[in-house]
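Coordinate inspection notes
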Amino acid sequence: MENEVIIDLNQIVKKFYVGKENELEILHGIDLKVRRGEFVSIVGASGSGKSTLMNIIGILDRPTSGGYILEGVDICKANDKEVSHIRNQKIGFVFQTYNLIARTSALKNVELPMMYAGMSKRARTAKAKELLKLVDMEERMDHTPDELSGGQKQRVAIARALGNDPAIILADEPTGALDSKTGRMVMDLFHKLHKEKGITIVLITHSNELAEETQRIITLKDGTIIGEREGSAYAV
Ligand SMILES: Nc1ncnc2c1ncn2[C@@H]1O[C@H](COP(=O)(O)OP(=O)(O)O)[C@@H](O)[C@H]1O
Ligand SMILES: [Mg+2]
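The present account deals with the structure reproduced in this document. Quick caveat, the model's predicted, so the values are computed rather than measured. (Residues numbered from 1 in each chain as written. Chains lettered and ligands numbered in written order. Predicted model: local features only at pLDDT ≥ 70, side-chain atom pairs only at ≥ 80, totals over all residues. Heavy atoms only, no water.)

Details of the packing of aromatic side chains
Rules: Paired rings are identified among Phe, Tyr and Trp, the last through its six-membered ring, by centres lying within 6.5 Å, and are further divided according to the angle between planes into stacked (under 30 degrees), edge-to-face (over 60) and tilted (the rest). A 1.4 Å probe rolled over the protein chains alone gives each residue an accessible area, and that area as a share of the maximum for its type sets the label: buried under 20%, exposed over 50%, partly exposed in between.
What the rule picks out here adds up to one aromatic pair. Summarising the aromatic geometry, the rings of Phe-93 and Phe-95 are spaced 5.8 Å apart at their centres and angled 5 degrees between planes, so their arrangement reads as stacked. The exposure class assigned to Phe-93 is buried, which follows from its relative accessible area of 13%. Judged by its relative accessible area of 23%, Phe-95 is partly exposed.

Written out as C-alpha cells, the structure reads:
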C-alpha cells in the first residue's frame, strides 16, 4: 500500500529518573506520523531531544507513556525479544560516530546484522559485497575502520544499515563528524537510496541547509514539536 503511515507516534512522553527526586521530562507529548517512502528531517538545537526521539523511533528505548505503531505493529505491546527482531528487520541505523566494530573488516561489519538475522554465511557475504559496491567501498572491504577516513567509515555504516532491507533508515547526525564535502557525499547517498530503493528516511541534523533538501522538516524545541514545513530545496 502506497503512502501508508509507517511510523505513528502518539503523545510520546519520555522521562528519565522516573519517580526520583531528579525526574526529568525530556519529550512532552510528541505526535508524529511518517509515511512510507518519505524523507523527513528533524532539526533542533543541541539538547532539544532529537536523539531521545530517535532512540524511541528505533526502539532502542521505550517511551514513558504514549503509543507507537511501527508498520502496523503496536510496539508498546511487544516484548524485548520481539522488539529486537523488529528492530533488526525493519530499521537501519546510521550514527554520527559510525559505531563500526574495531579491528573488524568493513565486510564483516556489514555482515553482522545479517548474521544476527540468521542469514547463511554465503548469502550474507554476497549481500555485503553488493552493498559495499553500492556505496562505492568494495575495494576497501578488507580494511578495518582505523584504516578508513570518516566518510569511508560512514559509507560502510550505511551499507551495514541496508543489510536486512530495512523499510526505514534512522540517521542521527550522520554528517556531524564530516567535513562539508564528505557530508555532501553521504547526503547524496541518502537521496539515492530514497529515490532508487524507496526507503523511508528519518534524518536528524542540525544543518538547516541539509534539512532543506528533505521533503519535510520537523522542528523540535525543548522536547516539543514546534513546527513542520516542506523542505525548500527538495529535488524530486
Ligand atoms: N539517558 C539519559 N538520562 C538522562 N538524561 C538524558 C538521557 N538522554 C538524554 N538526556 C537528556 O535529554 C535532553 C535531550 O538530549 P538529546 O535527546 O540527546 O538531545 P539532542 O539529540 O537534541 O542533542 C538533554 O538534556 C540530555 O541531557
Ligand atoms: Mg543528539
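Focus on the sheet that holds strand β6 (residues 91–95)
Put simply, the test is: Should DSSP find at least two bridges between two strands, the strands are taken to pair. A run of H or I in DSSP counts as a helix once it spans at least four residues, and a run of E counts as a strand once it spans at least two, with each numbered from the N terminus. Axis angles are defined between N-to-C directions and span 0 to 180 degrees, where every axis is a line fitted to C-alpha atoms and, for a helix, only to the segment in contact.
Pairing within the open sheet is mixed, and its six strands lie in the order β6-β7-β8-β3-β9-β10. Looking at strand neighbours, the two that pair on one side only are β6 and β10 (224–230), the edges of this open sheet. Pairwise comparison of adjacent strand axes, ignoring direction, gives a mean angle of 15 degrees for this sheet. Summarising the sheet, strand β3 (residues 39–43) and strand β8 (residues 200–204) pair through four bridges and their orientation is parallel.

Description of the nonpolar core
For soluble globular proteins, nonpolar side chains are generally found buried alongside one another. Our working definition: In this description, a nonpolar core means a group of buried Ala, Val, Leu, Ile, Met, Phe, Trp, Tyr and Cys residues linked to one another through side-chain atoms lying within 4.5 Å. Whether two residues are in contact is decided by their heavy atoms: any pair within 4.5 Å suffices.
With 33 residues, the main nonpolar core has Val-110, Leu-132, Val-156, Ile-158, Ile-169 and Phe-190 as its most contacted residues. The set of elements that each furnish at least two residues to this core consists of α3 (106–116), α4 (121–134), α5 (150–161), β7 (168–172), α6 (180–197) and β8. If sequence neighbours within four positions are ignored, Ile-169 has contacts with Gly-92, Val-94, Leu-162, Phe-190, Leu-193, Ile-199, Thr-200, Ile-201 and Val-202. Listed in part, the 30 residues of the second largest apolar core include Val-40, Ile-57, Tyr-68 and Val-202.

As for the side chain of Thr-200
Tracing the sequence through the fold places Thr-200 in strand β8. Classification of Thr-200 by relative accessible area gives buried; the value is 0%. Filtering out sequence-adjacent residues up to four positions away, Thr-200 remains in contact with Ile-6, Val-34, Arg-35, Arg-36, Gly-37, Glu-38, Ala-167, Ile-168 and Ile-169.

Some details on the site of ligand 1
How we decide: The criterion for a residue being near a molecule or strand is simple. One of its heavy atoms has to lie within 4 Å of it. Definition of a polar contact: a pair of N or O atoms within 3.5 Å, with one able to donate and the other able to accept a hydrogen when the atoms are protein atoms, and with sequence-neighbouring residues admitted only if both atoms are side-chain atoms. All accessible areas in this document rest on Shrake-Rupley with a 1.4 Å probe, and a residue is counted as covered only by the protein chains that are shown. Residues are grouped as follows: Ala, Val, Leu, Ile, Met, Phe, Trp, Tyr, Cys and Pro are nonpolar; Asp, Glu, Lys and Arg are charged; every other residue, Gly included, is polar.
Around ligand 1, the neighbouring residues are Phe-16, Tyr-17, Ile-26, Ala-45, Ser-46, Gly-47, Ser-48, Gly-49, Lys-50, Ser-51 and Thr-52. Interatomic distance of 3.1 Å between a backbone N/O atom of Gly-49 and an oxygen atom of ligand 1. Thr-52 is positioned with one of its side-chain polar atoms (N or O) 2.5 Å from an oxygen atom of ligand 1. Starting from 560 Å² of accessible surface for ligand 1 in isolation, the protein chains cover 60%. Top contributing element to the shell around ligand 1 by residue count: helix α1 (residues 50–57), with three residues. In terms of residue class, the shell around ligand 1 is built from four nonpolar, six polar and one charged.

Observations regarding the pattern of salt bridges
Where we set the bar: Whenever Lys or Arg places a side-chain nitrogen within 4 Å of a carboxyl oxygen from Asp or Glu, that contact is recorded as a salt bridge.
All told, the structure shown has 17 salt bridges when counted by the stated rule. For Asp-8, the salt bridge identified is with Lys-33, shortest N-O distance 3.1 Å. Of this pair, Asp-8 sits in strand β1 (residues 5–16) while Lys-33 sits in strand β2 (residues 24–35), and the two are 25 residues apart along the sequence. On the basis of relative accessibility, which here comes to 48%, the residue Lys-33 falls in the partly exposed class.

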